[in-house]
Amino acid sequence: DTVSVLDTVTNTITATIGGFTNPSGVAVSPDGTRAYVTNAGGASVSVLDTATNTITATIGGFTTPQAVAVSPDGTRAYVTNRGGASVSVLDTVTNTITATVGGFTNPWGVAVSPDGTRAYITNAGGTSVSVIDTDPTSAAYNTVTDTIIVGRSPEGIAVSPEGTRVYITRYYRDGLPGSVSVIDTATNQVTGTITDVDFPVGVAVSPDGTRAYITNTGNGTVSV
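Notes on the structure follow. (Residues numbered from 1 in each chain as written. Predicted model: local features only at pLDDT ≥ 70, side-chain atom pairs only at ≥ 80, totals over all residues. Heavy atoms only, no water.)

**Some details on the sheet that holds strand S5 (residues 44-49)**
Note the following rule: Whether two strands pair depends on DSSP finding at least two bridges between them. Here a helix means four or more residues in a row that DSSP labels H or I, a strand means two or more in a row labelled E, and each is numbered from the N terminus. Every axis corresponds to a line fitted to the C-alpha atoms, with the helix fit spanning only the stretch in contact, and the corresponding angles, defined between N-to-C directions, vary from 0 to 180 degrees.
Strand order in the open sheet formed by four strands is S3-S4-S5-S6, and the pairing between neighbours is antiparallel. Of all the strands in the sheet, the pair left with one neighbour each is strand S3 (23-28) and strand S6 (54-60). Direction aside, neighbouring strands of the sheet carry axes that sit 25 degrees apart on average.

**A word on the packing of aromatic side chains**
Condition: Between 30 and 60 degrees the pair is tilted, below 30 it is stacked and above 60 it is edge-to-face, where a pair is any two Phe, Tyr or Trp rings, Trp via its six-membered ring, whose centres lie within 6.5 Å. Only protein chains enter the accessibility calculation, which uses a 1.4 Å probe; a residue whose area is less than 20% of its type maximum is buried, one above 50% is exposed, and one in between is partly exposed.
Across all of its chains, the model carries one aromatic pair by this definition. Considering the side-chain rings of Tyr171 and Phe199, the 5.0 Å spacing of their centres and the 45 degrees angle between planes classify their relative orientation as tilted. Highlighted residues: Tyr171 in the loop between strand S16 (165-170) and strand S17 (179-184) and Phe199 in the loop between strand S18 (189-194) and strand S19 (200-205), separated in sequence by 28 residues. The class of Tyr171 is partly exposed, set by a relative accessible area of 32%.

**Some remarks on the sheet that holds strand S13 (residues 128-133)**
The strand order across the open sheet built from four strands is S11-S12-S13-S14, with neighbouring strands paired in antiparallel fashion. Two strands close off the open sheet at either side, each with one partner strand: strand S11 (107-112) and strand S14 (144-149). Direction aside, neighbouring strands of the sheet carry axes that sit 20 degrees apart on average.

What follows is the structure in structure tokens.
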């Protein structure tokens, strides 16, 4: 029940922080001063001060929180409630839940578009990715505006830096060990599927958008 801090220059662990309960997801604020950690076993989200490596707040009101993503302006965090079929919107200034969006099926991964207007949620218990309108000026703010069918067991998710593509790992695919779906965000349609993976879960895109890294839990490898 700890969080490790990795020095990415030396590739060494510089700190190990305790006080969490089955920590699952983690996201860092855009300014790098805070990290938000979901406590899947504690129904809460912890706020970590990255300068002192101490927990400054623990926010309750979640239901088996799985993943978390912070908006580009750092004012909101989106938390998937795997046990509650919902997504909580967290005000990062007041550390309070300001909205709860429902209608999901075992929501797992979450990623926010670079312009902050959309959040993408994987429904691990179903076959789709849900799109939430996250633009505070929109009439559809904090509602699901689209559902994209990708196939069974979508889990991990990442948006490309320019916001034109979303990458979805599918842990299981019709009796086969998963795949990666590519979504065009202009049309919200699947435009590509990569099948040379082995029960993929995690995905991250490089800052220049030219590479995506996929964790293969089935064979202990990472695909590029």
